[in-house]
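Listed below are the residues making up each chain.
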Amino acid sequence: MSTPTRTESEERAPAAETGHVSPVRRVLTAIGVQNSSLLLTLIALVILMSSLNENFLRTNNLLLIGSAITIMGLLSLVQTLVIILGALDISVGSMAGLASVVSAMVFTSTGSSAVGTLAAIGVGVVCGLVNGMIIIFGRVNPVVATLAMLATYKGIAQVVSDGKAQGYTGADDLFIFLAKGSIAGLPTLVWVFLLVAAVLHFLLRYTDIGRNIYAIGGNDTAARLAGININRYIIGVYALVGVVAAIAGLLITARTGSGQPTSGSEGLELLAVTGAALGGTMLKGGKGSIISTVLAVIILGVLNNGMSGLGVNPFWQNMATGSLLVVAVVLQQVRSGERRVGLPV
């Protein structure tokens with residue numbers, strides 16, 4: 001009698017079916033493909049920068065990177081949220097600039113940093129609500145609507161401030177703590193970024209609100225038929241974007257010691273979209289992760305800091321940021337499997 005032999009298909013059975021999954025595969029599965037790619041990119045970039053600049057890995061420089069990415073990071077986080085919804089907000093930088101001016105001017109008038117903070121957040125909420133209502137009731141494409149409001153909020157900030165820095169907050173305890181304070185060895189700025197990231201991650205990952213946001217971005221028709229009030233979510237998400245943009249504006253005021261109508265907020269829109277796209281957030285909506293965006297923001301911070309430390313011209317740094325956005329979008333298109341414009345069917 002011949003001994004039974006294993007078939008070729010049995011010999012090629014996946015390790016997962018036979019119970020022999022390698023520890024590396026388990027770790028990669030837990031982290032996720034996107035996060036694994038970002039982590040490997042970050043590690044490679046850190047190794048490269050540290051080999052070119054012996055001061056790169058010093059504690060002071062690492063803390064500087066953390067502080068530098070905070071404002072861009074906050075806007076990238078909420079940009080991730082609104083892109084997952086299937087929309088976009090090009091006005092986040094202008095909202096931050098307007099909130100910065102308002103916080104400083106109200107502080108100067110009242111002498112209270114708390115009142116200035118509340119005023120800035122109130123302005124952010126109003127701006128977010130206006131964006132949402134224009135999109136819903138005006139039936140305007142989110143890109144066009146927020147592009148128009150970018151110019152509007154920027155103009156308002158310049159009019160109320162006469163185009164100049166307003167107030168002086170450099171002697172106030174709250175603004176000093178935001179700009180220069182630290183908790184457990186980490187700058188306050190970093191803690192603000194991590195706190196907002198944790199809240200948004202929890203919102204998207206563990207609540208019905210987050211699941212509905214993914215559903216709307218994935219297929220708004222199906223979401224509507226499932227009974228989800230899409231208009232309410234659009235207004236709510238844009239209002240939340242306004243709140244976080246106002247927090248970013250407060251940090252601009254704290255870091256510069258005055259309200260800045262444009263300085264410090266100019267170009268943040270591009271950085272916010274780049275951070276979200278580089279983190280794998282699909283620009284067509286329905287897919288994205290706060291953790292991936294955090295990793296992407298750190299990569300951008302390491303790249304900018306490393307290039308500055310090497311004396312690279314800032315113009316080249318802008319080109320690098322733009323190139324990263326192009327690469328991120330191209331990779332998204334390739335992964336989606338959709339036909340590219342101009343190619344045969």
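Calculation rules
Residues numbered from 1 in each chain as written. Predicted model: local features only at pLDDT ≥ 70, side-chain atom pairs only at ≥ 80, totals over all residues. Heavy atoms only, no water. UniProt positions renumbered as here; feature names shortened; annotations may be inferred. Helix = DSSP H or I, 4+ residues; strand = E, 2+ residues; numbered from the N terminus. Buried < 20%, exposed > 50% of the residue type's maximum accessible area, 1.4 Å probe, protein only. Contact = heavy atoms within 4.5 Å. Axes fitted to C-alpha atoms, helices over the stretch in contact; angles between N-to-C directions. Parallel < 35°, antiparallel > 145°, perpendicular 65-115°, else oblique. Left-handed = near helix turned anticlockwise from the far one by under 90°. Nonpolar A, V, L, I, M, F, W, Y, C, P; charged D, E, K, R; others polar. Polar contact = N/O pair within 3.5 Å; in protein donor to acceptor, adjacent residues only side chain to side chain. Salt bridge = Lys/Arg side-chain N within 4 Å of Asp/Glu carboxyl O. Core = buried A, V, L, I, M, F, W, Y, C linked by side-chain atoms within 4.5 Å. Arc of directions from axis to C-beta.

Under the annotation held in an unreviewed UniProt entry, the protein carries the name Sugar ABC transporter permease and is attributed to Amycolatopsis thailandensis. Of the protein, the UniProt comment under Subcellular location (unreviewed entry) reads exactly: "Cell membrane".

Per the secondary structure count, the protein includes 17 helices and two strands. Every one of the 345 residues in the protein was classed for burial, and the buried ones make up 44%. Put simply, 76% of the contacts in the protein that link residues at least 6 apart link residues at least 24 apart.

Orientation of helix α7 (residues 92–110) relative to helix α9 (residues 142–161), taken along the N-to-C sense of each, is 25°, at an axis distance of 8 Å. What the angle tells us is that α7 and α9 run roughly parallel. Relative to α9, the crossing made by α7 is left-handed. Note on element contacts: α9 touches α7 through Leu150, Tyr153, Lys154, Ile156, Ala157, Val160 and Ser161, opposite Ser94, Met95, Gly97, Leu98, Val101 and Met105. A per-class count over the contact of α7 with α9 returns nine nonpolar, three polar and one charged.

The next point concerns the environment of Val82. Inspection of the secondary structure puts Val82 in helix α6 (residues 70–84). Spatially, the C-alpha atoms of Val82 and Leu240 are 9.4 Å apart, while their sequence positions differ by 158 residues. Look past the residues within four positions of Val82 in its chain and what remains in contact with it is Ala87, Leu88, Asp89, Val237, Tyr238 and Val241.

Following the sequence through the fold, Thr188 ends up in helix α11 (residues 188–206). A relative accessible area of 4% means that Thr188 is categorised as buried. Only 3.0 Å separates the side chain of Thr188 from the backbone oxygen of Phe177, close enough to count as a polar contact. At a separation of 3.4 Å, a polar atom in the side chain of Thr188 contacts the main-chain amide nitrogen of Ser182. The contacts of Thr188, once residues within four sequence positions are left out, are Phe177, Leu178, Gly181 and Ser182.

Right, let's get into the pattern of salt bridges. Oppositely charged side chains can pair when the atoms bearing their charge come close. Counted according to the given criterion, the structure contains two salt bridges. Linking Asp162 and Lys164 is a salt bridge whose minimum nitrogen-to-oxygen distance equals 3.9 Å. There is no split in this pair, since Asp162 and Lys164 are both exposed. A salt bridge links Arg211 to Asp208; the shortest N-O distance between them is 2.7 Å. In this pair, Arg211 and Asp208 both sit in helix α12 (residues 208–218), three residues apart, roughly one turn of the helix. What makes Asp208 exposed here is its relative accessible area of 53%.

Although it is not a glycine, Arg139 adopts a positive phi angle of roughly 55°. For Arg139, the position within the fold is in the loop between α8 (113–137) and α9. Even without being a glycine, Ala184 presents a positive backbone phi close to 55°.

Locating Thr80 in the fold gives a position in helix α6. Residue classification places Thr80 among the buried residues on the basis of a relative accessible area of 0%. Every residue in contact with Thr80, bar those within four places of it in the chain, is listed here: Ala276, Thr281, Ser289, Ile290 and Thr293.

Before going further, it helps to spend a moment on the nonpolar core. If you look at soluble globular proteins, the nonpolar side chains tend to sit buried side by side. Counting residues in each nonpolar core, the largest one holds 86 residues, and the members touching the most others are Leu74, Leu77, Leu200 and Ile213. The element contributing the most residues to this core is helix α14 (residues 230–256), with 14 residues.

Turning our eyes to something else, we now look at the UniProt feature "transmembrane region" (unreviewed entry) in the protein. When the UniProt feature table is mapped onto this chain, "transmembrane region" (unreviewed entry) is found at residues 27–50, 62–84, 90–108, 115–137, 183–204, 233–254 and 290–308. Between the end C-alpha atoms of residues 62–84 the distance is 30 Å, and the span holds 96% helix and 0% strand. Between the first and last C-alpha atoms of residues 90–108 the distance is 30 Å; the span itself is 89% helix and 0% strand.

We now examine α12. Residues of α12 that are buried include every one of Gly210, Ile213, Ile216 and Gly217, and no others. All buried residues of α12 lie within an arc of 120° about the axis, which places them on one face of the element. Along α12, exposed side chains directed more than 90 degrees from the buried face belong to Asp208 and Gly218. In this fold, the buried residues of α12 make contact with α6, α11, α13 (220–225) and α14.

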